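Structure assessment
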2 protein chains.
Amino acid sequence: MSRALDQLIAALQRLPGVGVKSASRMAYHLLQHDPQGARHLADALVQAVDQVRHCQRCHTFTQDEICDTCADPARDDGLLCVVETPADQAALERTGVYRGRYFVLMGKLSPLSGVGPSDIGLEKLLHRLQGDAGAVVREVVLATSFTAEGEATAHVIAQLLKSRGVKVTRLARGVPVGSELEYVDLGTIAHAYADRR
Amino acid sequence: MSRALDQLIAALQRLPGVGVKSASRMAYHLLQHDPQGARHLADALVQAVDQVRHCQRCHTFTQDEICDTCADPARDDGLLCVVETPADQAALERTGVYRGRYFVLMGKLSPLSGVGPSDIGLEKLLHRLQGDAGAVVREVVLATSFTAEGEATAHVIAQLLKSRGVKVTRLARGVPVGSELEYVDLGTIAHAYADRR
Ligand SMILES: [Zn+2]
Ligand SMILES: [Zn+2]
């Protein structure tokens, strides 16, 4: 029907969870009702890809060398919480019970999908715990998802850290098994934090 | 966490069916795993908005004055099929049973959403049937959706055209091919009975 339209529909299908039908609906909507939104999205995509990088300390997305959370002087350097994604970190932050630092894996171990230890920054995590900053870390709290892959990831990290004499805890199983942290209610997350083992 | 990332998440929510959670997942995915896909999508959005316009004859999306279907000399000018969207047109094309022309409403009447006759190009449709080209149209086939809004749209168009002496038909309602009667809704069965041939 139109090369540019076909190409837009194809490009939209690179978004996770978007098949050819949703991509078509999105393209028709933008062209018919929101060309300004389409231009705005194009700008936002380029800006984000150009400007967003990983925090040198915790690995999350930021536009600076060090993210706001890592730069915050009011946080407890003795606590380090390991999460899978920025969304998981945001969920934990919203509970208000945790005031330590974070390490964001930006993924989880998944042998079947070819995601290994180097893909989730485990060397960076070890390096951090071994350097000067690492000397003050009293406890690493593992807050990966309670899915098979999240548990396996927590297990691997726990083994690595315990063999280096670091105290490791895990969020309590108050979090419903099989769910992803991002979608869990705040009270459950708060209790799970209090009952961490 | 990052202005550019927040703005990308906001911009993605202008896509139909995308809320804040899916938008976040999409943004994280693009930044973490597919920055090339993000740039590609940005280009495709700008290209489509710049290049895609409406066919002067049938109203669908095209990059030319007249779309390929309208320009095809092998099609029957005596048949004009009215559909809601390019996706509906594509579905009918895939059946291979129809070789006439199209008029694409690019929407349907929806008083509650403020979509009136001028928003779905009805003047353009009437104009087309009154001009030189219109002289040869033997039959207009209404192929709008069998939803309340699609039926209302078909009804309004049928009234307009019949008052001008144009022969108007509607796709038959009935039991979908391949389905067992037991699982078909009663309204469909009732219509299939009434329209039996
Ligand atoms: Zn950081
Ligand atoms: Zn056309």
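Structure: see above.
These lines cover the structure that appears in this document, whether it is placed above or below.

Rules and cut-offs
- Every chain is numbered independently, its residues counted from 1 as its sequence is written.
- Whichever chain is written first becomes A and whichever ligand is written first becomes 1, with later ones labelled in order.
- Totals for whole chains, interfaces and linings use every residue, but because this is a predicted model, local features are given only for residues with pLDDT of at least 70 and side-chain atom pairs only at 80 or more, for both listing and counting.
- The side-chain numbers reported here are obtained from all heavy atoms of the structure, hydrogens and water having been left aside.
- Burial classes: relative accessible area under 20% of the type maximum marks a residue as buried, over 50% as exposed, and values in between as partly exposed (1.4 Å probe, protein chains only).
- Each helix corresponds to a stretch of at least 4 residues labelled H or I by DSSP, and each strand to a stretch of at least 2 residues labelled E; elements are numbered beginning at the N terminus.
- Here a residue-residue contact requires only that any non-hydrogen atoms of the pair lie within 4.5 Å.
- Seen with its strands pointing away from the viewer, a crossover is right-handed if its path from the first strand over the helix to the second goes clockwise.
- Here the quantity called buried area is the total loss of accessible area, with a 1.4 Å probe, experienced by two parts when brought into contact, counted for both.
- What counts as a salt bridge is simple: a side-chain nitrogen of Lys or Arg found within 4 Å of a carboxyl oxygen of Asp or Glu.
- The term polar contact refers here to a pair of N or O atoms within 3.5 Å; inside protein, the definition further demands a hydrogen-donor-capable atom paired with an acceptor-capable atom, and it admits residues adjacent in sequence only when both atoms are side-chain atoms.
- Any residue outside Ala, Val, Leu, Ile, Met, Phe, Trp, Tyr, Cys, Pro, Asp, Glu, Lys and Arg is labelled polar, Gly included; the first ten of those are nonpolar and the last four are charged.

Observations concerning helix α5 (residues 86-95) of chain A
Among the ten residues of α5(A), seven are classified as buried, and the element is accordingly described as predominantly covered. Among all positions of α5(A), only A:Pro86, A:Ala87, A:Asp88, A:Gln89, A:Ala91, A:Leu92 and A:Thr95 are buried. Where α5(A) is buried, its residues contact β2 (61-62), α4 (68-71), β3 (76-83), β4 (100-104) and α8 (186-194) of chain A together with α2 (20-33) of chain B. One or two residues past the end of α5(A) sits A:Gly96, with phi positive at roughly 75 degrees.

Quick word on the pairing of β4(A)
Summarising burial for β4(A): five of the five residues are buried, a large majority. Crossover connection from β3(A) via α5(A) to parallel β4(A): handedness right-handed.

Observations concerning the interface of chain B and chain A
Between chain B and chain A, the residue contacts involve 47 residues of the former and 48 residues of the latter. Summing the contributions of chain B and of chain A, the shared interface buries around 4700 Å²; its carbon and sulfur component is 67%. Per-residue buried area on chain B facing chain A is highest for B:Arg14, B:Leu45 and B:Phe61; these three make up 14% of the total on that side. Linking chain B with chain A are four salt bridges. Between B:Asp50 and A:Arg39 there is a salt bridge whose closest N-O contact spans 2.7 Å. Here chain B is connected to chain A by eleven residue pairs in polar contact (both at pLDDT 80 or more). Elements that contribute at least two residues to the side of chain B that touches chain A include exactly α1 (3-12), α2, α3 (35-51), β2 (61-62) and α5 (86-95) of chain B. At 16 residues, the largest contribution of residues to the side of chain B that touches chain A is made by α3(B). For the side of chain B that touches chain A, the residue count by class is 27 nonpolar, twelve polar and eight charged.

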